[in-house]
Amino acid sequence: MPMTEKEYNGNLLDQITLLEDIAEVAETEHAVATLKLIQKKRAQIERKLYQQPPLTER
């Protein structure tokens, strides 16, 4: 079932929240490689979240 852009954005924001939680643990454990991967994944998610023009404009 297709989702609305609002639902899609909510899913992306949930993914960012998960990455923030994982980053907290990675920082306390000084897991540098994990933190780099988290930064990469966050950038990928934000690219989708803040794309211009939005998905609904065509």
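Along each chain, the written sequence defines residue order, and numbers are assigned to residues from 1. Totals for whole chains, interfaces and linings use every residue, but because this is a predicted model, local features are given only for residues with pLDDT of at least 70 and side-chain atom pairs only at 80 or more, for both listing and counting. With hydrogens and water stripped out, all remaining heavy atoms of the structure feed into the side-chain values.

Draft legend 1. The arrangement of the packing of helix α1 (residues 5–28) against helix α2 (residues 32–49) in detail. Helix axes are fitted to C-alpha atoms over the stretch in contact, other axes to C-alpha atoms as well, and angles between N-to-C directions run from 0 to 180 degrees. Helix and strand assignments come from DSSP, with helices taken as H or I runs of at least 4 residues and strands as E runs of at least 2, each series counted from the N terminus. Two numbers describe how α1 lies on α2: the axes approach to 10 Å, and their chain directions differ by 165°. Compared by their axis directions, α1 and α2 come out roughly antiparallel. The handedness of the crossing between α1 and α2 is left-handed. Here Tyr 8, Asn 9, Leu 12, Leu 13, Gln 15, Ile 16, Leu 19, Glu 20, Ile 22, Ala 23, Ala 26 and Glu 27 of α1 come into contact with α2, specifically with Thr 34, Leu 35, Ile 38, Lys 41, Arg 42, Ile 45, Glu 46, Lys 48 and Leu 49. Taken together, the residues of the contact of α1 with α2 sort by class into 12 nonpolar, 3 polar and 6 charged. Every angle not falling under 35 degrees, over 145, or within 65 to 115 is termed oblique; those three ranges are roughly parallel, roughly antiparallel and roughly perpendicular. For any helix crossing, the convention is left-handed if the near helix is rotated counterclockwise from the far helix by under a right angle, and right-handed if that rotation is clockwise. By definition, residues are in contact when any of their heavy atoms lie within 4.5 Å. Any residue that is not Ala, Val, Leu, Ile, Met, Phe, Trp, Tyr, Cys, Pro, Asp, Glu, Lys or Arg is counted as polar, Gly included; the first ten are nonpolar and the last four charged.

Draft legend 2. How the structure looks around the environment of Leu 13. Mapped onto the elements, Leu 13 comes out in helix α1. For Leu 13, a relative accessible area of 42% corresponds to the partly exposed category. Each C-alpha atom, one on Leu 13 and one on Leu 49, is 8.0 Å from the other, the two residues being 36 residues apart in sequence. Only protein chains enter the accessibility calculation, which uses a 1.4 Å probe; a residue whose area is less than 20% of its type maximum is buried, one above 50% is exposed, and one in between is partly exposed.

Draft legend 3. Just unusual backbone geometry, in detail. For His 30, which is not glycine, the phi dihedral falls at a positive 55°. Looking at the element boundaries, His 30 is found in the loop between α1 and α2. Accessibility expressed as a relative area gives 65% for His 30, which makes it exposed.

Draft legend 4. Local environment of a positive patch on the surface. Like-charged residues within 9 Å of one another, or nonpolar side chains (Val, Leu, Ile, Met, Phe, Trp, Tyr) within 5 Å, are grouped into patches, provided each residue has over 30% relative accessible area and no salt bridge. All accessible-area figures derive from a Shrake-Rupley calculation using a 1.4 Å probe, and residue coverage is judged against the displayed protein chains alone. Salt bridge criterion: a side-chain nitrogen from Lys or Arg within 4 Å of a carboxyl oxygen from Asp or Glu. Only four residue types enter the tally: Lys and Arg on the positive side, Asp and Glu on the negative side, with His and both chain ends excluded. Positions of charges follow a simple convention, taking NZ of Lys, CZ of Arg, CG of Asp or CD of Glu. Together, Lys 40, Lys 41, Arg 47 and Lys 48 line one region of the surface with positive charge. Checked against the element boundaries, Arg 47 lands in helix α2.

Draft legend 5. View of α2. Given a rise of 1.5 Å per residue, 18 residues ought to cover 26 Å, and the 26 Å separating the end C-alpha atoms of α2 matches this to within 8%. Burial in α2 covers these residues: Ile 38, Ile 45 and Leu 49. Taken around the axis of α2, the buried residues stretch over an arc of 45°, which confines them to a single face. Set apart from the buried face of α2 by more than 90 degrees, the exposed residues are Val 32, Ala 33, Lys 36, Gln 39 and Arg 47. For α2, the elements touching its buried residues are α1. Expected span of a helix, by definition, is 1.5 Å for each gap between consecutive residues, and there is one gap fewer than residues. Note that the arc is computed from the directions linking the helix axis to the C-beta atoms.

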